[in-house]
Amino acid sequence: MDSFTSSVSSQVIYLDGYDTANSVKTIALGYWYKNDSPGSSSNEFMPPKILDSAFYRALQEFPILAGHIKTDKSSRMYVDIDKNNLNMPVYTDTACDLSYSDMEKAGFDIKKLPIDLYGTYGVPVPIKLSGGKIKPASFHILRFKNNTGVLLYASIGNCITDGYGFVHFMNLWAEVARWMQQPQDDKREPLAISEFIYNRKFTAAMRSDETFHQNTVDAKSLSAESTVSRWLAWMSPERRGLLIKKWYEPTDYTCCFFHIPSEAIEAFRLRLQKAGASNENFTINNIITAYLVIVIAQAKKKANDDWWFNRPFLAVFRSLFDRSIDEKTTFKVTTSINMRPRVPSIEAIDYMGNLGYATSASFSNNMLQKKDLDNTLLYELVNGLDQNASDYHARYYAKVGYLMEKSPSNYLYNLSLGSKNANGFQASNHSRFAHYEVDFGSGAPELVRHAPHAYNDVAFIMPSNPKTGGYEVELKLAPDVAVHVRQNSMWMEPVDKYRCI
C-alpha cells in the first residue's frame, strides 16, 4: 500500500453525464481459478504477497479508485482524491474450509460461500468497512482449502468506469503480478504500462450544445425535468444508493446459467444465411440477444397466462387490466452501445471513463410468439439490433452528452431502463471483454461470472471460454418466467448444459 500512498497526488475529478447516468450501478464479476496440481509444489497458488503488491502498483495508474464520491451544490458528481484522506478500495484476502471441488459440485453457487462479498451487489451502497461511505471499488480474494483454487471477486462503481475500464484494470493488475514473478535479473524487461486517461476534461471538449431535432425517446428521457429526478440528484450518493437498492431488490428470483457451444452459434449463423444474411457480419452478442428476445418474450407470455389461469375469479377483469400481450404491445430489450469505436479521437486512446450508452430496441410482441424458430424472424431481430447500434455515432454522442450535462434527470434514465418491466429485459454484453485473459501467473480463470445483481430481468452474455469452447449466458428472472425458459425447446436445443440456483 505504501507504494501507492507515497505516489498519489490530490486532485478533484468531475464526472460527466455519462458517468452520472451509470452511477446507479456497479460492475462486479467473479473470477474462478482452479489449481490443477494443488499438491505438486510447496508454492502457494496465486501468492498473496504478489497479488497484494501488484494490486497497489496497478492502483497507481487508477488513483480515481481511491477517491471519495461526492455531489456539489449544483448536483454534479465528482471524485475527490485527497492524499491525506484517501478512500482506499476494499481489499481482502481470506481462506475458507471449502475446496474448489466443493464449489464445482455446488455449481459455483455463491450462496454456499462463507463470506460477505462487500460491494458486489450491483448497486453502489455504503458499507460498514468504510464508515458508511461508498467505496469506488471492492476486491475480495477467497482461497479454497488445500491450495485447490481461488475466487477473486472484483467490483467497481459504474460511475468510475465502464466495462472497458474495468477489464483494463483487471488485466493491468494481472500483468504486474506476472512481471513480479519473473526472475529479477538483467534479462527481465522493464514493466511497460500504457497511459490511462480517466480525467473527464478530455471528453468535455467534445460535447456539443446542439439539441435533438427529432422527437426521440432518448431526447425526451434526458431533457425531462421532474420532482423525482431533482430529489434523487439532491441526495448524497450513499442515501441514493440505499434507496435504489431497496426499490429494485427483487423479493424472489432465479439465476440460470446456460452454456452454448461454439458449434451452436455457427448453426445460428447458418439460419441467418438462409434468411438472406450472407453478407452481414453480425456479432455473437446480437445473435444470442435476438434468440433471447424470442425466448424471454414467450416465457413472460406463458407466465402471465398462468397467473390469470390460476385466478379464474379474476378472469372477467383480464380484458380490462391485462395489456401484457396484444397486437399493440412491444417487447423491449435494453443494450449498451460502445461509443469508443464511433468517436475517432477517443478510439485512439485508453479512456477509462464511461463511453457505454444504454439504449433500447422494441419489437412486436405478437410477432415473437411463434412456436417454431423462423429464420426470417431471427434475421429481422438480429438486423434490428444491429441497425439500432449503428444509429449511434460521434454527433449523437455529442448531443447526448450535452443533454446529460444540463439536467440531473439522467439519474432516471438508467433507473427507467432497470425498472421491472413485464415486456422487456436488459442484455449486458460482456462477450467483447477479455475476462479470460486475466492471468496472474497461475493460469487463466476456469470460469468468469457476474456477481449478484440488484435488477431483475437481466441477461449477461459472457465471453467465449477457451477451456469449454462456448459462451455462457446468465439469466436473472422471476421464478415463473425462468421455468418457461427452461421448458422452451427452441432455447434448450442448442444448450449443452445449464444450472439454476
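Focus: the overall build of the protein chain
Counting secondary structure elements, the protein chain contains 18 helices and 17 strands. Pairs at least 24 residues apart make up 79% of the contacts formed inside the protein chain by residues separated by at least 6 positions. Total accessible area on the protein chain is roughly 22,200 Å²; 50% of this is exposed by carbon and sulfur atoms.

Topic: the sheet that holds strand β10 (residues 330-338)
The strand order β12-β10-β13-β15-β16-β9-β17 describes an open sheet built from seven strands, whose pairing is mixed. Lying at the two open borders of the sheet, with one neighbouring strand each, are β12 (356-364) and β17 (497-500). The average undirected angle you get between the axes of adjacent strands in this sheet is 20 degrees. Taken together, the four bridges between strand β15 (residues 458-461) and strand β16 (residues 470-477) define a ladder with antiparallel strand orientation.

Description of the state of the cysteines
Applying the stated criterion to the full structure yields one disulfide. Here Cys256 engages in a disulfide with Cys500; their sulfurs sit 2.2 Å apart. Judged by the torsion about the S-S bond (110 degrees), the Cys256/Cys500 disulfide is right-handed. Of the two residues, Cys256 sits in strand β9 (residues 254-261) while Cys500 sits in strand β17, which places them 244 residues apart along the sequence. According to the relative accessible area criterion, Cys500 is partly exposed, its value standing at 26%. Here Cys255 is not disulfide-linked; the sulfur of Cys256 is the nearest cysteine sulfur, at 7.6 Å.

So, a nonpolar patch on the surface
Residues Val228, Trp231, Trp234 and Leu243 make up a contiguous nonpolar surface patch of about 450 Å² in total accessible area. No other element matches the three residues that helix α8 (residues 227-234) contributes to the nonpolar patch.

A closer look at the nonpolar core
With 69 residues, the main nonpolar core has Phe139, Phe169, Met170, Trp173 and Phe440 as its most contacted residues. With 48 residues, the next largest nonpolar core counts Phe268, Ala290, Ala299 and Ala361 among its residues.

So, the sheet that holds strand β1 (residues 11-14)
Sheet architecture is open: three strands sit in the order β1-β4-β3, paired in antiparallel fashion. The strands lining the two open edges of the sheet, one partner per strand, are β1 and β3 (68-71). Adjacent strand axes in the sheet meet at a mean angle of 30 degrees when their direction is disregarded. Here β1 runs beside strand β4 (residues 77-81); their pairing, made up of four bridges, is antiparallel. Bridge pairing in β4 links Val12 to Asp80.

Observations concerning the packing of helix α11 (residues 284-309) against helix α14 (residues 375-390)
Running from N to C, α11 and α14 point in directions that differ by 120 degrees, and their axes come no closer than 9 Å. Between α11 and α14, the angle falls in the class oblique. The two elements α11 and α14 cross, and the hand of that crossing is right-handed. Contact residues: α11 offers Asn286, Ile287, Thr289, Ala290, Tyr291, Val293 and Ile294, while α14 offers Leu377, Leu378, Leu381, Val382, Leu385 and Asp386.

Overview of the side chain of Arg449
Tracing the backbone shows Arg449 in strand β14 (residues 447-450). A polar contact of 3.0 Å, which involves the side chain of Arg449, links it to the side chain of Glu472. Among residues more than four places away in sequence, those in contact with Arg449 are Leu29, Gly30, Gly107, Phe108, Phe257, Met462, Glu472 and Glu474.

What to know about the environment of Thr94
Note that Thr94 resides in strand β5 (residues 90-95). Thr94 gets classed as partly exposed once you look at its relative accessible area, which sits at 32%. Taking the C-alpha atoms as reference points, Thr94 and His140, separated by 46 residues in sequence, lie 8.0 Å from one another.

A word on the pairing of β10
Looking at chain direction, β10 and β12 are connected through nine bridges and run antiparallel. Opposite Asn338, over in β12, you have Gly356 as the bridge partner. As paired strands, β10 and strand β13 (residues 424-429) are joined by three bridges and run parallel to one another. Looking at β13, one finds that Thr334 is bridged to Gln426.

Details of the packing of aromatic side chains
As enumerated under the stated definition, the model contains 25 aromatic pairs in all. Taking the centre distance of 6.4 Å and the plane angle of 75 degrees together, the rings of Trp32 and Tyr100 count as edge-to-face. Of this pair, Trp32 sits in strand β2 (residues 26-34) while Tyr100 sits in helix α4 (residues 100-105), and the two are 68 residues apart along the sequence. For the pair Trp32 and Tyr100, a shared accessibility class is recorded, and that class is buried.

Describing the side chain of His140
By the secondary structure assignment, His140 is in strand β6 (residues 137-144). On the basis of relative accessible area, His140 is assigned to the buried category, the value being 2%. Looking at His140, its side chain comes within polar contact range of the side chain of Thr92, at 2.9 Å.

Things to note about unusual backbone geometry
One non-glycine residue, Met46, lies in positive phi territory at about 50 degrees. With respect to the helices and strands, Met46 occurs in the loop between β2 and α3 (48-59). What makes Met46 buried here is its relative accessible area of 1%. One non-glycine residue, Asn146, lies in the positive phi region at around 60 degrees. The exposure class assigned to Asn146 is exposed, which follows from its relative accessible area of 60%.

Cut-off values and rules
- Residues numbered from 1 in each chain as written.
- Predicted model: local features only at pLDDT ≥ 70, side-chain atom pairs only at ≥ 80, totals over all residues.
- Heavy atoms only, no water.
- Helix = DSSP H or I, 4+ residues; strand = E, 2+ residues; numbered from the N terminus.
- Contact = heavy atoms within 4.5 Å.
- Areas by Shrake-Rupley, 256 points an atom, 1.4 Å probe, with all protein chains shown as cover.
- Pairing = 2+ DSSP bridges.
- Axes fitted to C-alpha atoms, helices over the stretch in contact; angles between N-to-C directions.
- Disulfide = S-S within 2.5 Å.
- Buried < 20%, exposed > 50% of the residue type's maximum accessible area, 1.4 Å probe, protein only.
- Patch = residues over 30% accessible without salt bridge, like charges linked within 9 Å, V, L, I, M, F, W, Y side chains within 5 Å.
- Salt bridge = Lys/Arg side-chain N within 4 Å of Asp/Glu carboxyl O.
- Core = buried A, V, L, I, M, F, W, Y, C linked by side-chain atoms within 4.5 Å.
- Parallel < 35°, antiparallel > 145°, perpendicular 65-115°, else oblique.
- Left-handed = near helix turned anticlockwise from the far one by under 90°.
- Polar contact = N/O pair within 3.5 Å; in protein donor to acceptor, adjacent residues only side chain to side chain.
- Phe/Tyr/Trp six-rings, centres within 6.5 Å; stacked < 30°, edge-to-face > 60°.

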